[in-house]
Amino acid sequence: MNLCGLSSFLSNASQLGETAPKGCQTTIRKAQLQDVKKLAEVLTQSFHPHSGWLSVLQPLLQLSVSEDLRSRLRTAAPHYCCLVAIYIMPTATGEPEKVIGTIELTVRTGFNGHYPYISNLAILQSHRRQGVARHLLFKCEQIAWEWGYKTLNLHVLDNNDAAKQLYLSSGYQLLEKELSWQNWLFQSPRRLLLQKTLTIHEEETSDVRP
């Protein structure tokens, strides 16, 4: 059964290591078109944080991110999945949702054939270091496993110590240090290609809420 499919995957906030009022939950589900605006906010804040005069470009960046994501969701390939982490706080008038994170999984083509690839893992600053990123990674690993793949790739910048620590402690290993002329000319950080060998057992798989 495709992990972007049917039933719900709910984790108590305490299981994610969150400090939250009793009854709060974080759920991971497949992203929908109505999530695009909120997802774009998370992605823009994560990858293009407000900084000096560049903050005036924030709305344009967010619009660009929204359109790109909307296009991917509308024309999704068979092996494409965008997941969203939702923070739920029950109230007397309902259960308001807050989008706190996202991740995308697709299948790319390389010299050695097809391989699953993770991109755009982003968590709101206020909800980092609470286990949400690890849950999103694990869901992608389950999906890749169900697609029939035994490895999973992603990139991280060499100077992003927090992200490197997350991936390495989650079982990803360095596969390649990429060097381009931009790195030399602009002294920009190198991209590191990481890979994880998947060893998920069948009984560990569970669906993600649609």
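Above this text sits the structure in question.
Here is what the cut-offs are and how they apply
- Within each chain, residues carry numbers counting from 1 in the order of the written sequence.
- pLDDT decides what is reported in this predicted model: residues at 70 or higher carry local features, side-chain atom pairs at 80 or more are listed and counted, and totals for whole chains, interfaces and linings draw on all residues regardless.
- Side-chain metrics in this entry use all non-hydrogen atoms of the structure; hydrogen atoms and water are not considered.
- Secondary structure elements follow DSSP: runs of H or I of four or more residues count as helices, runs of E of two or more count as strands, with numbering from the N terminus.
- The buried label goes to any residue with under 20% of its type's maximum accessible area, the exposed label to any with over 50%, and the partly exposed label to all in between, with areas taken from a 1.4 Å probe on protein chains only.
- Residue contacts are defined here by distance: any two heavy atoms, one from each residue, within 4.5 Å place the two residues in contact.
- Shrake-Rupley sampling with a 1.4 Å probe provides the accessible areas, and residues are treated as covered by the protein chains on show and by no other component.
- N or O atoms within 3.5 Å of each other form a polar contact, as long as, within protein, one can give a hydrogen and the other can take it, and as long as residues adjacent in sequence are counted only when both atoms are side-chain atoms.
- Any helix carries an expected span of 1.5 Å times its number of residues minus one.
- For every element, the axis is a line fit to its C-alpha atoms; helices are fit only across the contacting stretch, and the angle between N-to-C directions ranges from 0 to 180 degrees.
- Reported orientations rely on four angle classes, namely roughly parallel under 35 degrees, roughly antiparallel over 145, roughly perpendicular from 65 to 115, and oblique for the rest.
- Note on convention: near helix rotated counterclockwise from far helix by under a right angle means a left-handed crossing. Clockwise means right-handed.
- Each residue is assigned to one of three groups, with Ala, Val, Leu, Ile, Met, Phe, Trp, Tyr, Cys and Pro labelled nonpolar, Asp, Glu, Lys and Arg labelled charged, and all others, Gly among them, labelled polar.
- Cysteine sulfur atoms are paired as a disulfide whenever they fall within 2.5 Å.
- The term nonpolar core refers to a set of buried residues drawn from Ala, Val, Leu, Ile, Met, Phe, Trp, Tyr and Cys, joined through side-chain atoms within 4.5 Å.
- Here a cavity is any set of points on a 1 Å grid over the protein atoms alone where a 1.4 Å probe fits but cannot get out, and a pocket is any open set with protein on both sides within 12 Å along at least 5 of 7 lines; a residue lines the site when it has an atom within 4 Å of a point.
- Grid points are joined across faces, edges and corners, and a volume is the space filled by probe spheres set on the points.

Chemist: For this particular structure, what's the right way to read the overall build of the protein chain?
Modeler: Per the secondary structure count, the protein chain includes five helices and eight strands. Ordered by position in the sequence, the α and β elements of the protein chain form the string β-β-α-α-β-β-β-α-β-α-β-α-β. Taken over 210 residues, the protein chain has a buried fraction of 40%. Taking as baseline every contact in the protein chain between residues at least 6 positions apart, the subset at least 24 positions apart corresponds to 66%. For the protein chain, the computed accessible surface area is about 12100 Å², with 54% contributed by carbon and sulfur atoms.

Chemist: Explanation requested: the environment of T75 in the structure shown.
Modeler: Along the chain, T75 falls in the loop between α2 (58-74) and β3 (80-88). For T75, a relative accessible area of 59% gives the class exposed. In this structure the side chain of T75 is engaged in a polar contact, spanning 2.7 Å, whose partner is the backbone oxygen of S71.

Chemist: Would you explain helix α3 (residues 132-146) in this entry?
Modeler: Note on helix geometry: an α-helix contains 3.6 residues per turn, so any two residues three or four positions apart are oriented the same way. For α3, built from 15 residues, the straight-helix expectation of 21 Å at 1.5 Å per residue is met to within 8% by its first-to-last C-alpha distance of 21 Å. Every buried residue belonging to α3 is among V132, A133, L136, L137, K139, C140, E141, Q142, I143 and A144, and all of these are buried. Positioned one or two residues after α3, G148 has a phi angle of 100°, which is positive.

Chemist: How do you make sense of unusual backbone geometry when you look at a structure like this?
Modeler: Glycine aside, the phi torsion of most residues is negative, and most peptide linkages are trans. At N120, a residue that is not glycine, the phi angle is positive and equals roughly 55°. Even without being a glycine, R129 presents a positive backbone phi close to 60°. Mapped onto the elements, R129 comes out in the loop between β5 (113-123) and α3. By relative accessible area, R129 is classed as exposed at 80%.

Chemist: Honestly, the packing of α3 against helix α4 (residues 161-169) in this entry has me stumped. Any pointers?
Modeler: Each pair of packed helices gets described by two things: the angle between the helix axes and the distance between those axes. Close contact between α3 and α4 brings their axes to 11 Å; oriented N to C, the two are set at 50°. Relative to α4, the element α3 is oriented oblique. Considering only the axes of α3 and α4, their crossing is right-handed. Residues A133, R134 and L137 of α3 pack against L166, Y167 and S169 of α4. When its residues are assigned to classes, the contact of α3 with α4 shows four nonpolar, one polar and one charged.

Chemist: Explain the state of the cysteines to me, please; I cannot follow it from the model alone.
Modeler: Every disulfide links exactly two cysteines, by a covalent bond between their sulfur atoms. According to the stated counting rule, one finds zero disulfides in the structure shown. Cysteine C82 remains unbridged, with the sulfur of C81 as its closest cysteine sulfur at 7.3 Å. For C82, a relative accessible area of 2% gives the class buried. Cysteine C140 remains unbridged, with the sulfur of C81 as its closest cysteine sulfur at 6.9 Å.

Chemist: Any chance you could explain the nonpolar core here in plain terms?
Modeler: Looking at soluble globular proteins, one finds that nonpolar side chains tend to be buried together. In this structure, I118, L121, L136, L137 and Y167 are the most contacted members of the largest nonpolar core, which totals 47 residues. With nine residues, the top contributor of residues to this core is β3. When near neighbours in sequence (up to four residues on either side) are disregarded, L137 contacts I103, I118, L121, L154, L166, Y167, S170 and Y172.

Chemist: How do you make sense of the packing of helix α1 (residues 36-47) against α2 when you look at a structure like this?
Modeler: In contact at an axis separation of 8 Å, α1 and α2 are set at 125° when each is read in the N-to-C sense. Relative to α2, α1 is oriented oblique. Taken as a pair, α1 and α2 cross one another with a handedness that is right-handed. The residues of α2 that touch α1, namely those facing V36, K37, L39, A40, E41, L43, T44 and Q45, are Q58, L61, Q62, V65, S66, L69, R70 and L73. For the contact of α1 with α2, the per-class residue count stands at eight nonpolar, five polar and three charged.

Chemist: Which parts of the structure should I look at to understand the layout of surface pockets?
Modeler: Regions of empty space are outlined by a rolling probe, equal in size to a water molecule, passed over the atoms. Its volume calculated, the largest pocket comes out at about 1200 Å³. Taken together, 36 residues form the lining of the largest pocket, with F47, L121, N160, A163 and Y167 sitting closest to its centre. Elements supplying a minimum of two residues to the lining of the largest pocket: α1, α2, β5, α3, β6 (151-157) and α4. The greatest single-element share of the lining of the largest pocket, amounting to seven residues, is contributed by β5. Of the residues that constitute the lining of the largest pocket, the class distribution is 17 nonpolar, twelve polar and seven charged. For the second largest pocket, the calculated volume is near 280 Å³. Together, 15 residues line the second largest pocket, and G110, N112, Y115, N153 and L175 are the ones closest to its centre. Sorting the residues of the lining of the second largest pocket by element identifies β5, β6, β7 (173-178) and β8 (191-197) as the ones contributing at least two each. A per-element tally of the lining of the second largest pocket places β5 first, with four residues.

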